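The residues making up each chain are set out below.
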Amino acid sequence: MDSQYDKLSQQQIKISIAKPEAKNFIKDNDALSVSCTNSSSDTSREKWGKEIEFLFSCIALSVGLGNVWRFPFIALENGGGAFVIPYIIVLLLIGRPVYYMEVIIGQFASRGCIKAFDMVPLMKGIAYGQVYATALATTYYACVMALTIKYLIASLSEILPWSYCQPEWGPLCISTAAFNHTHLNNNNNTLLGKPTSSAELYFTKTILREKDNIDDGIGVPNWDLVLCLLSAWLIICTILIKGIRSSGKASYFLAIFPYVVMSILLCRALTLPGSLNGIIYFLRPQWDQLLNPNVWYAAITQMFFSLAICFGTLVMYASYNNFRKNVYRDVIIITSVDSMTSILAGCIIFGILGNLAYETNTHDIAHVVKGGAGLAFISYPEAIAKFKYLPQVFAVLFFLMLLVLGIGSNIGMASCVITVIKDRFQYLPHWLLASGMGVVGFIVGLVYTTPGGQYILNLIDYFGCSFIALFLAIAQLVAVSWLYGVKRLCQDIEFMLGLKTGLYWRVCWAIITPGLMFLVLIYSLINYQPLDYKGVKYPDAVYNFAWLIWAVGVGQLPFWALYTISQQSGKTFKQKLHLALKPTDNWGPLEAKLLDEYNLQRKSFDYNDSLTLSWRSRIYDNIFG
């Protein structure tokens, strides 16, 4: 305790020499400074083994399965090459500003996403809702990894099992190895039904054992997928078992290996006949689509989920950085790499699909494309089965790449949940939290291994993740940009990094980014249609359950807001609300010395005045202040 007083006194002498006007503040706030020092000195936090591990971990987190299967299909549906233009504009106006904001907040506070909202305690429910959505996403993401492991094992067969028909699939099955779309189209109107490729039947009948609907329930788990799910969680837990240092070391492989495989696959794709037509088909601009609001909506949603912003994971990763680390360059690199990877993956996928169209005499490549998981588990395996040389090798490479991409993203999501628990219960060993996360994730994930699992996965993805994240993202932008204040955030950046924040960042944070996200929300609500899976509607009871899942996530915001207000010391509701909007006394850097310096700066900048400004004055203050 004496040494703490000595350090504080030395600090006060230095500051009083440099800034005489700070003397009164020091005198009035001795007790506050000491209490902050005491509370902070007891807190320690892991750091990355090397600073570059943060960069690789963020790349592994952001560059995931969505880049490989979602972006190519979304781009094709929304203008092909012309889609790249709104995608890049959205990157500059939404993706990069929000990414930078979250990284700055995490590094500045050195806390997980829950405690990071000590900046605006009233809005702490945003972080709880984000962790809830991230936890749900972790469970079904592991199931997608399980599917990838199943295909990876199947790729080791002497003959790829999806390349030929099995007797139980009936006469409408057409072997992928001899698949001919002309033949298929001639039989579309037969009394028997529509012919289906062996690759699609293998995915739906053998892997998923999928039901036509879930009116009679989702069925019991498939034992082979259960084992693959168990393997996926064992991999995740092994990487997480020693905390951020072990996952940081793994990030080297998780971030670099997919690009090695992509390079090999791109070289192979370019040597296939018809591949160039596929790439041109993918990149050919359809300029009239730029005036279609659906295109801009698709670009915003794709960017939002591709970069993994507003899920709490970036705040968590940045919280392990050194306080003075200049993350500006890292943010530019990560966001650029993510976008370029999406375009690169599109060229690979459509190069191979172009070859598939060539082999089957199909003039329109769209006829051989299936969106979402179908692109990875149906269209691509179809194309690989037609490779004349070593199709098994390319199948192994592709599914190994998907597995690594899935691991990288899931590590980040699972770490986010673990960090929140660790921040609250610091005495719990990390291995116990990682093991507990794995056990719970595996048990919950069993529902996705049932014959009706894809129906549930589709439901959870939309109501439990995407729709929740969209609401909470807007709330987060309002909380940081307007309740905490862009001006205050920029002063925090200057304190931490010594950098002045440019007008571009200020305008995006204050107006453009929250405005565009709000328009996306309005557009999605206006155009809302009841969710279905492959054209099949869900039972009413399932819809009610889905809305309950959504309400639990979004409901965290009002619940914690009311709880925080009730805990304030003010006499009237207005006083309590005002206190709940102000940062807590210990908000700031985790290190005691830095926190003391920051508390002095908070007083000298008179941060709290922004709460009493008019909206017009606050806009000017946030952008130009």
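Quantities reported herein were computed from a predicted structural model and do not represent experimental measurements.

K.L.:
Just to check I follow, could you spell out the overall build of the protein chain for this structure?
P.N.:
Looking only at helices and strands, one finds 26 helices and 4 strands in the protein chain. Residue burial in the protein chain is summarised as follows: out of 625 residues, 58% are buried. Restricting the contact set of the protein chain to residue pairs at least 6 apart, pairs at least 24 apart contribute 82%. Accessible area of the protein chain: about 26,400 Å², with a carbon and sulfur share of 63%.

K.L.:
Mind showing me how you'd approach the UniProt feature "binding site: Na(+)" (unreviewed entry) in the protein chain here?
P.N.:
The sites that carry the UniProt feature "binding site: Na(+)" (unreviewed entry) are, in the present numbering, Val63, Asn67, Ser306, Leu405 and Ser409. Judged by maximum C-alpha separation, these annotated positions cover 347 residues in sequence but sit close together in space, the widest gap being only 12.3 Å. In this fold, Ser306 is placed in helix H14 (residues 293-306). Looking at Ser306, the relative accessible area reads 7%, which means it is buried. In this structure Ser306 touches Ser62, Asn67, Tyr87, Asp338 and Ser342, once residues within four positions along its chain are discounted. Relative to the helices and strands, Leu405 is located in helix H18 (residues 391-424). Residue Leu405 is classed as buried on the basis of its relative accessible area, which comes to 2%. Contact partners of Leu405, with chain neighbours within four places excluded, come to Ala60, Val63, Gly64, Leu65, Val68 and Pro258.

K.L.:
I keep staring at the pattern of salt bridges and nothing clicks. Help me out?
P.N.:
Side-chain pairs of opposite charge can arise whenever the charged atoms involved come near each other. Across all of its chains, the model carries 9 salt bridges by this definition. A salt bridge links Glu494 to Lys500; its shortest N-O distance comes to 3.3 Å. Look at Glu494 and you get partly exposed, because its relative accessible area is 32%. Among the salt bridges present, the one from Asp532 reaches Lys537, with a minimum N-O distance of 4.0 Å. For Asp532, a relative accessible area of 30% translates into the label partly exposed. Taken together, the salt bridges that share partners define one network made up of Glu51, Lys325 and Asp330.

K.L.:
I keep staring at the nonpolar core and nothing clicks. Help me out?
P.N.:
The nonpolar side chains of a soluble globular protein tend to be buried, and buried together. Met123, Trp162 and Phe398 are the most contacted members of the largest nonpolar core, which totals 203 residues. Ranked by residue count, the leading element in this core is helix H20 (residues 453-497), at 28 residues.

K.L.:
Just to check I follow, could you spell out the side chain of Glu382 for this structure?
P.N.:
Inspection of the secondary structure puts Glu382 in helix H17 (residues 373-385). Setting aside chain neighbours within four positions, we find Glu382 in contact with Trp162, Thr176, Ser197, Ala199 and Leu356.

K.L.:
Looking at this model, I keep getting lost on the state of the cysteines. Mind explaining?
P.N.:
As used in these notes, a disulfide is a covalent bond between sulfur atoms, one from each of two cysteines. Under the definition given, this model contains 1 disulfide. Each sulfur in the disulfide pair Cys165 and Cys173 lies 2.0 Å from the other. Of note, the bridge from Cys165 to Cys173 carries an S-S torsion of about -90° and is left-handed in sense. Using a relative accessible area of 27% as the deciding quantity, one classes Cys165 as partly exposed. Unpaired in this structure, Cys228 has its nearest cysteine sulfur neighbour in Cys143, at a distance of 9.9 Å. You can call Cys228 buried: its relative accessible area is 7%.

K.L.:
Explain helix H11 (residues 223-240) to me, please; I cannot follow it from the model alone.
P.N.:
Given 3.6 residues to a turn, an α-helix orients residues that are three or four positions apart in the same direction. Between its terminal C-alpha atoms H11 stretches 26 Å, which fits the 26 Å expected from 18 residues at 1.5 Å a residue. Along H11, the residues classified as buried are Asp224, Leu225, Val226, Cys228, Leu229, Ala232, Trp233, Ile236, Cys237, Ile239 and Leu240. For H11, the secondary structure elements touched by its buried residues are helix H8 (124-154), helix H10 (198-207), helix H12 (244-270), H18 and helix H19 (430-445).

K.L.:
Sorry, what's going on with the packing of helix H6 (residues 84-109) against H20 here?
P.N.:
Pairs of packed helices are described in terms of their axes, by the angle between the two and the distance that separates them. One way to put it is that H6 packs onto H20 with a least axis distance of 10 Å and a crossing angle of 65°. Read as a crossing pair, H6 and H20 show a hand that is left-handed. Residues Val98, Tyr100, Met101, Glu102, Ile104, Ile105, Gln107 and Phe108 of H6 pack against Gln476, Leu477, Val480, Ser481, Leu489, Asp492, Ile493, Phe495, Met496 and Leu497 of H20. Looking at the contact of H6 with H20, its residues break down into 13 nonpolar, 3 polar and 2 charged.

K.L.:
What exactly am I supposed to notice about unusual backbone geometry here?
P.N.:
What you tend to see is this: most non-glycine residues have negative phi, and most peptide bonds are trans. Phi is positive for Ala308, which is not a glycine, with a value near 60°. With respect to the secondary-structure elements, Ala308 resides in the loop between H14 and helix H15 (313-318). Looking at Ala308, the relative accessible area reads 11%, which means it is buried. In the Ramachandran plot, Cys310 falls in the positive-phi region, its phi being about 65° despite a non-glycine side chain. The buried category is assigned to Cys310, whose relative accessible area is 1%.

Reading the values: rules and limits
Residues numbered from 1 in each chain as written. Predicted model: local features only at pLDDT ≥ 70, side-chain atom pairs only at ≥ 80, totals over all residues. Heavy atoms only, no water. Helix = DSSP H or I, 4+ residues; strand = E, 2+ residues; numbered from the N terminus. Buried < 20%, exposed > 50% of the residue type's maximum accessible area, 1.4 Å probe, protein only. Contact = heavy atoms within 4.5 Å. Areas by Shrake-Rupley, 256 points an atom, 1.4 Å probe, with all protein chains shown as cover. UniProt positions renumbered as here; feature names shortened; annotations may be inferred. Salt bridge = Lys/Arg side-chain N within 4 Å of Asp/Glu carboxyl O. Core = buried A, V, L, I, M, F, W, Y, C linked by side-chain atoms within 4.5 Å. Disulfide = S-S within 2.5 Å. Expected span 1.5 Å × (residues − 1). Axes fitted to C-alpha atoms, helices over the stretch in contact; angles between N-to-C directions. Left-handed = near helix turned anticlockwise from the far one by under 90°. Nonpolar A, V, L, I, M, F, W, Y, C, P; charged D, E, K, R; others polar.

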